[in-house]
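# Coordinates in review
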Amino acid sequence: MAVIKKAGSLNTGEIVVPAGVAEFIHKIVTRREFLQVSGALGVGVATFSLLGCGGGTTSDSTPRQVYVANAQGMIAAEPSRCVGCRRCELACTEFNDGKSMPSISRIKVGRNYNVGPSGPTLGIGRQEGNWGNHRLVQDVCHQCPHPVPCQLACPHGAIEVVPPVNARVVVASKCEGCGICSKACPWAMTSLDGPADGPGTKATKCLLCGECVNACPVGALKYVAWQDLTKSFPPRQVVPASIQLAANVKDTCNKCH
Amino acid sequence: MGGWTGKVLRVDLSTGIITKEATTRYKPFLGGTGLAYKVLWDEVPPGTRAWDPANRIIFGGGPLTGTGTPLSARVSVTTLWPMHPQELPATGHMGGHWGPELKYAGYDALIVQGKAASPVWIYIKDDVVEIRDAGRMWGNGIYRANSDIMNIMGSDAHVAAIGQCGENLVRASNVMCDRSHSAGGVGSVMGSKNLKAIGVIGTGSVKIAASKTEWKDLVHYQHTLLGANSGGVVPNTFQSWQPDGYYGGTRWTAANGLYWGAATPPVHTGECTADDLNSIGLRTFKGYADFGAGVGDRHTVKIGGCHACPIRCHIATDVPALEAFGFSRYQVNTCNGNSSGSGFTTGIASRTENAITSSQVGVALADDYGWWSDYGMAQADFKFLATALDEARWLELEVGDVAAAANAGKSVFQVRLPAAEWTRVSPQLAKFAGADFSGKMQFLIWLLPEISKNLMADGTPATYEKMLAGQAPTGPGNATLGAYIGVGAGRLEQLWPELAVEHQLNISGGNYIKQGHIKHHFTESAGTSQASALINMLWNRDPMCHTHTNYTGNGLPLALQNEIFAELFGPFSGSGDAIDGATPTPMNQAKAVFGYMSIIYLELHNSMTLCNYTLPGWASPLKSRNYRGDIDIEADFFSAVTGETVTRADMERTGLRILTLFRALTARLMNERDMRNNHDQLPEWSFHPHYTPLDHDDMEIAKDMFYDLCGWDRATGLPTLATYTALGLGDVAVAMASAGLMP
């Protein structure tokens, strides 16, 4: 490998990604040492134990973490600024996964690039997107408040809440690649790196590392304090009735609801 | 390890056989044009014509295509060029998202050969590749092809399609993807194969060999070398963050108080500092620069462009006036694409509401019908042919005293078109020349479809051969006006000799160079002099080379440009400078190296793939770097992506390998031993004092110096055995020797 060069002083503008967040979360995902790391650092409110079902150790048969604290950060996107270069998607997968793969990006612009979220049925020039009015809609993870659809639907308890910003994160060591999370998310924001249930297939979802924000050449993305925007953005897909709460979650839910 | 997917997709439309081949044999040529030259060399024998089923059309990505390497989204579309009188190989270049999507589907390149029995399109979704019926798509425009395919494949599909121009074998036709990205000149090759479109969805990946940390560092580093579109590394207008900094005539036009005015709501570009990654895409405010203050900025929705590119250059517009002419108010294109239709009009003041309206009406037509303007050559010829000439002007066109007197007051169209055709078209030409703006738009709305029909006067499909026969012995031809325009400058000047004279005189400013093509960043490009002349004589179309003009147009002071160039490529002891000031100087070694390296880096960019519309990265916008760029950036990205460590020298040798293969390919297809005199030509007007003049003897010196740098024989301009051998092209040398084409 040739000597890899580094930029000197680059101004990252208004970006307010908490220092060390990306590195910290990468440790969670790649080293699969969630308990040890979070325990050792003791930062943030990782989980909110309720009714004896807190903690991170899960299996299909034992009760597990259900209620989680709200996220503290989120990605805010502005469609009239987006220029459709999709550098956010590339930063997401290249800096997190080591490959260029927009289909597993945790921010999604490509699927809205041509004709916007409404799809191709309206006719050329009559919808959003490059073939329409040029508005390019970036789909981002809303870091849902409890009940978190992807987290609660995962049969393997593989989506956990990670400090310091309480991102809802896929812990690769627990993920079985079944794809139920991608069907459970009303905004279709999780993806699979391979065929469902295929060998080595893992899910991807936004871990609030901020790489997309850093990469945007027009400042169309911001890393901001979390707010509940789940009511502000219409769902991307209908969650199939067949998507159920994971078996070891249902009974716990019944205790509160 | 990384970069290449490892597979090249081949579709034979004659047999319906679809194969996936290893990329390995093409790696010495990287991808893109280099890969395509290798395919043409191996598979297309001399004597093959552009529309023969045996011709190949190669859509070539490269190892960097689809990665986050800035400027890496282009795909080279290479084939025997229908516009060239001898149909020699050339390339159209298509940006957008189609090339990266092909990589994600798993293919470094797509080779199409043969001819389908009836109209088809190619469906590519990862491993699934099918030839599908396009019967009902045929006869429709590019927009319809996109709409139909998105409604079949889904809204993620990226589509490369031809319009009616390509279908009807209009030579001046293109293939377009993602609405505004066109590969010019190649559309009729797809049409000749009955291939309407190629739809692609890819869900796979392009691997990167470097570690995540190393890669991130390199990508961020590259941003420090980037200025604006066309290589500008300093702003065009005052910026408060650098009160004492350099300014130049660059496309870095964002400033305080400027808005993308048609964004909803408007977006303030503001000042964009040289070290800010998050405003780099705002710097090039091309809508404002091209269409003018109060017009262009007001109608700009945003500045779009290609996948992975932080330098935005496509102007997405909202011009409500278009709806009155029946078009969507939203259009997008850039540079010459924005005049591909409106270039046929005259008498519209630039930087006015009418100018942007006519431009975008033209975009809506040309980009749907798949018309290619030949970089403006067609419109320049059209205006010459449609303008009434006086007797003196006819005399200049060497028609003789009698004809000049008889033709006085008539246009070439009036003289040359059959009487019935002249009667049919003259009311339309009156609108072209008239004062009424709406009439001019109606003229465009008539003209573009008229060209796309490509008909003889009797309503049968036009061909050049029929047009030639219609000339015999000297009388008027019998094609329609549209067919004459679409046949291209190289053939039209053979039909109408007065046009050939005009091409050499250039009194009307058409800027024809040779062999059917126009100049492209020639001696008018600041300081490029003989280098640009070498560049313009080398390829088989307009050269599409921007290395030279992007560097001399980067906005830095001339002395600093020469200083940096000498650091990178010198020393040039006693030579003189590479880049001229206002007064051209005689040929020297530094200029030869400037021309040579501009060509080598263009071939590299078109093969890797990288965008030569913004590179090279020889200068930087950062004062902290003393405005020095990084000549190693191509090698660095290639190494990081593929895992094969290479140096700058390795890359430059690869560029020469690609160029030399192209040279051999051209010479073999021409069966030409004297490339120096019979290929590497310039028009008479370029030596005329009226233009930035070249000197015949001086240009012969320039050729000597250039051939020496290439390792090509001075007498013939053919590569030598030693050069072939050193570049690993021994097999090419054997074939050239057996063809009698060694120097």
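For the structure itself, look to the data block above.
Residues numbered from 1 in each chain as written. Chains lettered and ligands numbered in written order. Predicted model: local features only at pLDDT ≥ 70, side-chain atom pairs only at ≥ 80, totals over all residues. Heavy atoms only, no water.

## A word on the environment of Ile633 of chain B
Residue and element names in this part refer to chain B. Counting through the fold element by element, Ile633 comes out in helix H24 (residues 633-642). Taking the relative accessible area as the measure of exposure, Ile633 reaches 3% and is therefore buried. In this structure the C-alpha to C-alpha distance between Ile633 and Leu218, which are 415 residues apart in sequence, comes to 9.2 Å. When sequence neighbours within four positions are dropped, the list of residues in contact with Ile633 reads Tyr221, Gln222 and Leu225. (Helix = DSSP H or I, 4+ residues; strand = E, 2+ residues; numbered from the N terminus. Buried < 20%, exposed > 50% of the residue type's maximum accessible area, 1.4 Å probe, protein only. Contact = heavy atoms within 4.5 Å.)

## Comments concerning the nonpolar core
Among soluble globular proteins, nonpolar side chains are generally buried collectively. Residues and elements named next belong to chain B. Ranked by size, the top nonpolar core spans 248 residues in total, and within it Phe59, Trp98, Ile124 and Trp371 carry the most contacts. When residues of this core are assigned to their parent elements, the largest contribution, 12 residues, is made by helix H23 (residues 589-608). Ignoring sequence-local partners within four residues, the contact set of Trp98 consists of Phe59, Val75, Leu110, His158, Val159, Ala160, Cys177, Asp178, Ile198 and Val200. (Core = buried A, V, L, I, M, F, W, Y, C linked by side-chain atoms within 4.5 Å.)

## Overview of the packing of aromatic side chains
All names here are of chain B. A complete count under the given rule lists 36 aromatic pairs over all chains for this structure. Ring geometry for Phe59 and Trp98: centres 5.3 Å apart, planes at 50 degrees, overall tilted. Highlighted residues: Phe59 in strand E3 (residues 57-60) and Trp98 in helix H2 (residues 98-104), separated in sequence by 39 residues. Clustering of aromatic rings is evident, with ring pairs tying together Phe344, Trp371, Phe382, Phe413, Phe432, Phe443, Trp446, Tyr484 and Trp496. The ring of Tyr464 has Arg491 sitting right over it, with the charged end atom 5.5 Å from the ring centre. (Phe/Tyr/Trp six-rings, centres within 6.5 Å; stacked < 30°, edge-to-face > 60°. Lys NZ or Arg CZ within 6 Å of the ring centre and 35° of its normal.)

## Quick notes on the pairing of strand E4 (residues 167-170) of chain A
All names here are of chain A. Residue alternation in E4 divides its side chains into two sets, Ala167 and Val169 and Arg168 and Val170, and both sets are buried. For strand E3 (residues 159-162) and E4, the ladder comprises four bridges, and the chain directions are antiparallel. Note that in E4 the partner of Glu160 across the bridge is Val169. Between E3 and the antiparallel strand that follows it, E4, lie four residues; Asn166 among them carries a positive phi value of about 60 degrees. (Pairing = 2+ DSSP bridges.)

## Notes on the interface of chain B and chain A
Counting residues at the interface gives 75 residues for chain B, matched by 57 residues for chain A. Summed over both partners, the interface of chain B with chain A buries about 5300 Å², with 56% contributed by carbon and sulfur atoms. Of all residues in chain B, Lys212, Asn278 and Lys302 of chain B bury the most surface against chain A, accounting for 13% of the area lost on that side. Along the contact surface separating chain B from chain A lie one salt bridge. Here Glu211 of chain A ties to Lys216 of chain B by a salt bridge, and the two come within 2.5 Å at their closest N and O atoms. Our count for the chain B to chain A interface comes out at 31 residue pairs in polar contact (both at pLDDT 80 or more). Secondary structure elements with two or more residues in the side of chain B that touches chain A: helix H3 (142-153), strand E13 (206-207), helix H6 (212-223), strand E16 (300-304), strand E17 (314-318), strand E18 (330-333) and H24 of chain B. Taken together, the two bridges between strand E2 (residues 99-100) of chain A and E13 of chain B define a ladder with antiparallel strand orientation. (Buried area = accessible area lost by both parts, 1.4 Å probe. Salt bridge = Lys/Arg side-chain N within 4 Å of Asp/Glu carboxyl O. Polar contact = N/O pair within 3.5 Å; in protein donor to acceptor, adjacent residues only side chain to side chain.)

## So, the sheet that holds strand E7 (residues 120-125) of chain B
Residues and elements named next belong to chain B. Ordered in space as E8-E7-E12-E9-E10-E11, the six strands form an open sheet in which the pairing is mixed. Looking at strand neighbours, the two that pair on one side only are strand E8 (128-133) and strand E11 (181-183), the edges of this open sheet. Strand-to-strand twist of the sheet, defined as the mean angle between neighbouring strand axes without regard to direction, takes the value 15 degrees. Bridge count for E7 against E8 is six bridges, and the pairing is antiparallel. Residue pairing for E8: Ile122 is matched across the bridge by Ile131. (Axes fitted to C-alpha atoms, helices over the stretch in contact; angles between N-to-C directions.)

As far as function goes, none of this settles anything; it's purely spatial.
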